[in-house]
Amino acid sequence: NSIHCLQKDLETTDNTLIKTFRHRLKEKISVGPVLNHLYFISHEDKERILQKLKTEGDASAANQLIDVVLKKPHPEGWFRAFVDALIHGDSKYAAMVLEGSPKPEEEEENDYCVALVRLLAPSLVQMKTADVCCECFSLGLLGQDDNDKVLAEIDTQGPGRGAGELLRRIVRRPPGWFSTFLQVLKKTEHYPLLRELTGDPHWCEQQGETGLEKKNNLCGYELTAEEEAWNWKTLYIACLHISTFPKTPLTGHSSTVCECGLLTWMQLLFRLADLSYSEAAAEAPRSPEKTEIVLRDYQMEVARPALEGKNIIICLPTGSGKTRAAVYITKKHLDSRREAGSPGKVVVLVNKIPLVEQHYSTEFLPYLKQTYRVERVSGDSQLKISFAKTVQKNDIIICTAQILENYLERAENGEDEGVKMSDLTLIIIDECHHTQKGGVYNHIMMRYLMQKHKNLRLKKEQKKTVPLPQILGLTASPGVGGANTVAKAVEHIMRICANLDASEIMTRSQEEDRKQQRKTILTVENKAETIMNAIHNEAKLSPICDLGSQNYEQWAVQKERQAAKEEDKTVRVCAEFLRRYNEGLILSNTIRMSDALSYLNKFHEEQIKKKTSVDGEQNIQITDTERFLFKLFKDKKEELETFSKNPKYENDSLSKLREQILREFSSRGQARGIIFTKTRHSAITLSQWIQENPKFADVEVKPSHVIGGGDQSDTKPMTAAEQKDVLKKFRAGEVNLLVATTVAEEGLDIPACNFVIRYGLSTNEIAMIQAKGRGRADDSSYTVVDVKNSGVAERECVNEYREEMMGKAINKIKGQSREAYQKQMMEFQLQAIMEERMRQVKRKQKAIKDEKPSHVKFSCRNCAKPVCSGEDIQIIENMHRVNVTTQFKELFIQRENATLQERLLDYETNAVIACKDCGQPWGSVMVYRGMDFPCLHVKNFVVNINGKKISNCTKWSDLPIRFTAFDYIEHASMMAQGSDEEMG
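Residues numbered from 1 in each chain as written. Predicted model: local features only at pLDDT ≥ 70, side-chain atom pairs only at ≥ 80, totals over all residues. Heavy atoms only, no water.

If you check an unreviewed UniProt entry, the protein chain appears there as RNA helicase from Nothobranchius furzeri.

### Considerations on the overall build of the protein chain
Worth spelling out the cut-off: We count a stretch as a helix when DSSP gives it H or I for four or more residues in a row; a strand needs E for two or more, and each element gets its number in order from the N terminus. The contact criterion used throughout is that any non-hydrogen atoms of two residues lie within 4.5 Å. In these tables, accessible area is a Shrake-Rupley quantity obtained with a 1.4 Å probe, and a residue counts as shielded only by the protein chains included in the view.
Tallying secondary structure elements over the protein chain gives 41 helices and 24 strands in all. Taking the intrachain contacts of the protein chain between residues at least 6 apart in sequence as the baseline, contacts between residues at least 24 apart amount to 69%. Surface exposure of the protein chain reaches about 47,300 Å², of which carbon and sulfur atoms provide 50%.

### Overview of the sheet that holds strand E23 (residues 948–950)
Applied cut-off: Pairing between two strands is assigned when DSSP locates at least 2 bridges connecting them. Lines fitted to the C-alpha atoms define the axes, with helices restricted to the stretch that makes contact. Angles between their N-to-C directions range from 0 to 180 degrees.
Pairing is antiparallel in the open sheet, where four strands are placed in the order E15-E14-E22-E23. Taken across any chain shown, the strands that pair with only one partner, and hence form the sheet edges, are strand E15 (866–869) and E23. Going across the sheet, the axis of each strand differs from the next one's by a mean of 25°, ignoring polarity. Here three bridges tie strand E22 (residues 941–945) to E23, and the two strands are oriented antiparallel to one another. Residue pairing for E23: Val943 is matched across the bridge by Ile950.

### What about the sheet that holds strand E3 (residues 374–377)?
One open sheet holds the seven strands; their spatial order is E3-E4-E2-E5-E6-E1-E7, and the pairing between them is parallel. Here the strands that pair on one side only, and so sit at the sheet edges, are E3 and strand E7 (504–507). Averaged over all neighbouring strand pairs, the angle between strand axes comes to 15°, with direction disregarded. The pairing of strand E5 (residues 426–430) with strand E6 (residues 470–475) spans five bridges and is parallel. For Ile427, the partnering residue across the bridge sits in E6 and is Ile471. Across the sheet, helix H21 (residues 322–339) is in contact with strand E1 (312–315), strand E2 (346–350), strand E4 (396–400), E5 and E6; its angle to E6 comes to roughly 165°.

### Points about helix H13 (residues 177–187)
Note the following rule: For every residue, the accessible area (1.4 Å probe, protein chains only) is compared with the maximum for its type, and the residue is labelled buried under 20%, exposed over 50%, or partly exposed between those bounds.
Extensive coverage of H13 is indicated by the burial of nine of its eleven residues. Restricting attention to buried positions, one finds in H13 the residues Trp177, Phe178, Ser179, Thr180, Phe181, Leu182, Val184, Leu185 and Lys186. Immediately beyond the C-terminal end of H13, within one or two residues, lies Glu189, with a positive phi of roughly 60°.

### Overview of the pairing of E2
Among the five residues of E2, five are classified as buried, and the element is accordingly described as predominantly covered. Where burial is concerned, the two faces of E2 agree: the one with Val346, Val348 and Val350 and the one with Val347 and Leu349 are both buried. As defined by bridge partners, E2 adjoins E4 across five bridges and the pair is classed as parallel. What sits directly across from Val348, in E4, is Ile398. Direction of pairing for E2 relative to E5: parallel, over a ladder of four bridges. Across the sheet, residue Val347 finds its bridge partner in E5, namely Ile427.

### Describing the pattern of salt bridges
Note the cut-off: Here, a salt bridge means any Lys or Arg side-chain nitrogen found within 4 Å of an Asp or Glu carboxyl oxygen.
Applying the stated rule across the entire model yields 34 salt bridges. Glu461 is paired through a salt bridge with Lys463; the nearest N and O atoms lie 3.4 Å apart. By relative accessible area, Glu461 is classed as partly exposed at 38%. Ionic pairing is found between Asp725 and Lys729, a salt bridge with its closest N-O pair at 3.6 Å. Placement of both Asp725 and Lys729 in helix H36 (residues 720–732) is noted, with a separation of four residues, approximately one turn of the helix.

### With respect to helix H31 (residues 593–610)
To be explicit about the condition: The span expected for a helix works out to 1.5 Å for each residue beyond the first.
Its 18 residues place the ends of H31 26 Å apart at the C-alpha level, agreeing with the 26 Å of an ideal helix rising 1.5 Å per residue. For H31, the set of buried residues is Met593, Asp595, Ala596, Leu597, Tyr599, Leu600, Asn601, Phe603, His604 and Gln607. Those residues of H31 that are buried lie in contact with helix H30 (569–588), helix H32 (624–645) and helix H34 (680–692).

### Some details on the nonpolar core
Stated formally: We call a set of buried Ala, Val, Leu, Ile, Met, Phe, Trp, Tyr and Cys residues a nonpolar core when their side-chain atoms join them within 4.5 Å.
In terms of nonpolar packing, the biggest core is built from 65 residues, with Leu657, Ile661, Ile675 and Ile690 touching the most fellow members. The element best represented in this core is H30, accounting for eight residues. Not counting residues within four places of it along the chain, the set of residues in contact with Leu657 comprises Ile675, Leu686, Trp689, Ile757 and Tyr759. Formed by 51 residues, the second largest nonpolar core is a distinct cluster that contains Leu349, Ile471, Ala498 and Ala832.

### Side note on the packing of H13 against helix H14 (residues 191–198)
Two measures define how a pair of helices packs: the angle their axes make with one another and the distance between the axes. Using the following cut-off: If an angle is under 35 degrees, it is roughly parallel; if it is over 145, roughly antiparallel; if it lies from 65 to 115, roughly perpendicular; otherwise it is oblique. By convention, the crossing between two helices is left-handed when the near helix turns anticlockwise from the far helix through less than a right angle, and right-handed when the turn is clockwise. Classes in brief: Ala, Val, Leu, Ile, Met, Phe, Trp, Tyr, Cys and Pro nonpolar; Asp, Glu, Lys and Arg charged; the others, Gly included, polar.
As a packed pair, H13 and H14 sit with axes 8 Å apart at the nearest point and diverge in direction by 150°. Relative to H14, H13 is oriented roughly antiparallel. Between H13 and H14 lies a crossing whose hand is left-handed. Of H14, the residues touching H13 (which contributes Phe178, Phe181, Leu182, Leu185 and Lys186) are Tyr191, Leu193, Leu194 and Leu197. Among the residues forming the contact of H13 with H14, the class breakdown is eight nonpolar, no polar and one charged.

### Focus on the packing of H21 against helix H22 (residues 353–368)
One way to put it is that H21 packs onto H22 with a least axis distance of 10 Å and a crossing angle of 35°. Here the hand of the crossing between H21 and H22 comes out right-handed. Along its contact with H21, which presents Thr323, Arg324, Ala326, Val327, Thr330 and Lys331, the element H22 presents His359, Glu363, Phe364, Tyr367 and Leu368. For the contact of H21 with H22, the class distribution of residues is five nonpolar, three polar and three charged.

### Here we look at the state of the cysteines
What counts is decided by this rule: Only a pair of cysteine sulfur atoms within 2.5 Å qualifies as a disulfide here.
Under the counting rule described, the total for this entry stands at zero disulfides. With no disulfide partner, Cys863 has as its closest neighbouring cysteine sulfur the one in Cys918, 3.7 Å distant.

### Considering the environment of Thr570
Here Thr570 shows up in helix H30. For Thr570, a relative accessible area of 29% gives the class partly exposed. Separated by 32 residues in the primary sequence, Thr570 and Glu538 have C-alpha atoms spaced 8.5 Å apart. The contacts of Thr570, once residues within four sequence positions are left out, are Glu538, Ala539 and Thr625.

### Things to note about the side chain of Asn499
Selection rule: A 3.5 Å cut-off defines polar contacts: any pair of N or O atoms within that distance qualifies, except that in protein one atom must be a possible hydrogen donor and the other a possible acceptor, and neighbouring residues in sequence count only when both atoms are side-chain atoms.
For Asn499, the position within the fold is in helix H26 (residues 486–499). Within the structure, the side chain of Asn499 is placed 3.4 Å from the side chain of Asn442, a separation counted as a polar contact. Sequence-distant contacts of Asn499, that is, excluding residues within four places in its chain, are made with Thr435, Gln436, Asn442, Met445, Leu449 and Ala832.

### Focus on the pairing of strand E17 (residues 880–883)
The two faces of E17 match: His880 and Val882 on one face and Arg881 and Asn883 on the other face are all buried. Looking at chain direction, strand E16 (residues 873–876) and E17 are connected through four bridges and run antiparallel. Counterpart to Ile875 in the pairing with E17 is Arg881. If you look at the hairpin formed by E16 and E17, you'll find three residues sitting between the two strands, and Glu877 has a positive phi there, around 50°.

### Examining the packing of aromatic side chains
For clarity, the threshold we go by: For this analysis, a ring pair means two rings from Phe, Tyr or Trp (six-membered ring only for Trp) whose centres lie within 6.5 Å, classed as stacked if their planes differ by under 30 degrees, edge-to-face if by over 60, and tilted for the remaining angles.
Evaluation of the coordinates by the stated rule reveals 17 aromatic pairs. Ring plane angle 55° and centroid distance 5.2 Å describe the contact between Phe387 and Tyr407, whose orientation is recorded as tilted. Note that Phe387 is positioned in helix H23 (residues 387–393) and Tyr407 in helix H24 (residues 401–412), a separation of 20 residues in sequence. Classification of Tyr407 by relative accessible area gives buried; the value is 5%.

### Structural notes on the environment of Val884
Position of Val884 among the secondary structure elements: in the loop between E17 and helix H40 (886–889). With a relative accessible area of 21%, Val884 lands in the partly exposed category. Residues Val884 and Asp932 lie 48 residues apart in sequence; the distance between their C-alpha atoms is 9.4 Å. Residue contacts for Val884: discarding those within four places in its chain leaves Asp872, Gln874, Phe933, Phe966 and His971.

Listed below in structure tokens is the structure:
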């Protein structure tokens, strides 16, 4: 009994010991070799740990290994077996930690050596890696497994990545490794690196053996008593207390740049001061300040022309580090400008608001804030009001493209507070494949191209030219623009190159970047479903396309528009209901039938609510057709609910999706994936379905959804903060399955996944490439799940063909002679300039032909009641159309806005306005500078221009009318006088 108690106490002590030194152990364990010597771990546990090692690296895998070792019950002798496995598995230092052999002072000195190597990693990765690896192996600094891994990294990723792997492995060795490493560097003639590591500029004079054979307590050299007092530890502590340094005994120089020109003591000391104990011992050479930018070999290769000042497009797969290369180019650009005495100005353009904060906080700010002023501006930022000042005050500005375009236009129009193209020295365009006709990127680049060609004329006339910025485009895929031949694909890509004035398109094949993904397309069988024939009969409609298809939706939209124009109330309202039923049918092919039914139920509740006034006093008319539609749904509702609860009728696509998710999470040790789906509604409901299904919980699926932030959909959008929070949880492992709309395909910083599923979604080859790029971990899979009537499987095959065509087209462009490329570029640029001039002429002619507001009439889209004339409408801030006439007030009712819009500057939306007769929404009530205004939405009206009816206007810019600007002072004065009279 006492022996049993003693064994239990020893086991508790061993457990406590491992837990106490857990952080130290996970940094020092070489997981692969250690696993080979552990007999008491199950095969399944080993597989999971190896998968973790493959996807997340040594530190995460070591952490999981420790969890498994600590798992009870323990077999007899488990602790000794673990220590022996560490000794025989190239992890002697970890074994020493558990056996208590390293002295505290030895560990402390070792930590400083680790911190030093980590700090100087950007220089050390320039070593001749193969030679250094060979010497490290022969001197026992690397084990066999370490040696194999480093050589494999050199072969597959290049010497730079191999050097990083070598450094990560040698710092795990027991104390004394630093001295051996110095011997290796000397033997391989890396004298500049030795000078950096020792801080001694006279290393070239010390090529004898004496300096390396003698040892001291830290760096492998015999120091004088004076030098001993000035070792790394003293420097580290001193830098925390003083701001100026005396001459150092190690160099004989004050803290200015060393003779070797590589690093100053001042920089070294302050950067060492920033490193905590745990950071200094970390596995990878990263600093919280991220002061050094280390590019992989292929990143440096694609960046090289930009470093020479050329305009280029960098085309790399998603997750390959395009933005990191752009940060490096930015720094070198600003450094060279500063050295030349002409400071630079860099603008980074993005096409989505969330990308502004992402590029700012995760890339540009961490790496450049110590040297340059970095700021971000977007539509969500108050700084957009003073954008010109922001540009003046900062070196790097990250912003949405439209803001820059607005301020370029201001400068062109001679307004104050504008920004000139010549003020900038480098423009970086993210997702540059959008630089095409009509896009804001192209508007900006058109200004550039026009000035470029003006400069050619000025140069001929020997006049002063206007300086233009360097252009850097970033994309994962330029696409082929719907081309069906390689020649057309070449033309599409060449036009993008011409629009960006790119001298080259720099690429690296996906095969070089990562292993080929396993790809699967899961198809489903069709089933006949319909609930809409009764409505067809009521409205005497005969659709010629399948129900539940995109073609049917287009047919219903066209019928509704035609009926609104012809004032056919029966067909118009039936077409609107049919469109919603069709959407429900599409949803039932994608999500649970109960969720699709909830969608239809919500729509009907909203339609009935429209027919009810707030106070109950207003008599809103309900037509016979509307009564029929309400009754039809009410009669069918119970049948639909019964139908939706029967598992037999669950759609095949959802079954296929369930099988694939369970397969991914059951076959992988650490699964992390994304499901892409078409609509916000389906993303939310699929996430709920996964959360509510116990089968997914059994395999530890932790889902969440990510959707867009715009308000174009009926579904409530996600704010940037909400998106950021979900992605943060995804990185931390709190969420391991994202269900996302296409917002996650392009740009957003999402960690590497090991599986991607496109569920009933297939757009174009660019989106496909970007989605596949999200699954960039080793052994990743890419699955397409077909959905009835979606045509996804067919489109995916077309996209694969186009992806292949794009690769051929890029290779063909790269294979052109410089003369042929420049000639084609010039031709496309001149064509683009002439087309832009033609558009400007047409815009001016259109402005002249603008209809008079009095010629335009608006009527209710639903009941055709005349509402107002264009003369009654005024425009606020060149954006919001309002009607403030007293006659108009008598025509509408107000309802509470269920989805209160966020405040935008000094106005907000707080209610909905609707037709008093039929309940058709007309717009919203906006609060602007202390007053309420009825704001009209043109899509809710039929517009009559000089007798011609238009029912397909979705935005005000579709109408050739220039409304009168709203006079706030005049209106406020009238309101104030009216208030006085009422008070009197």
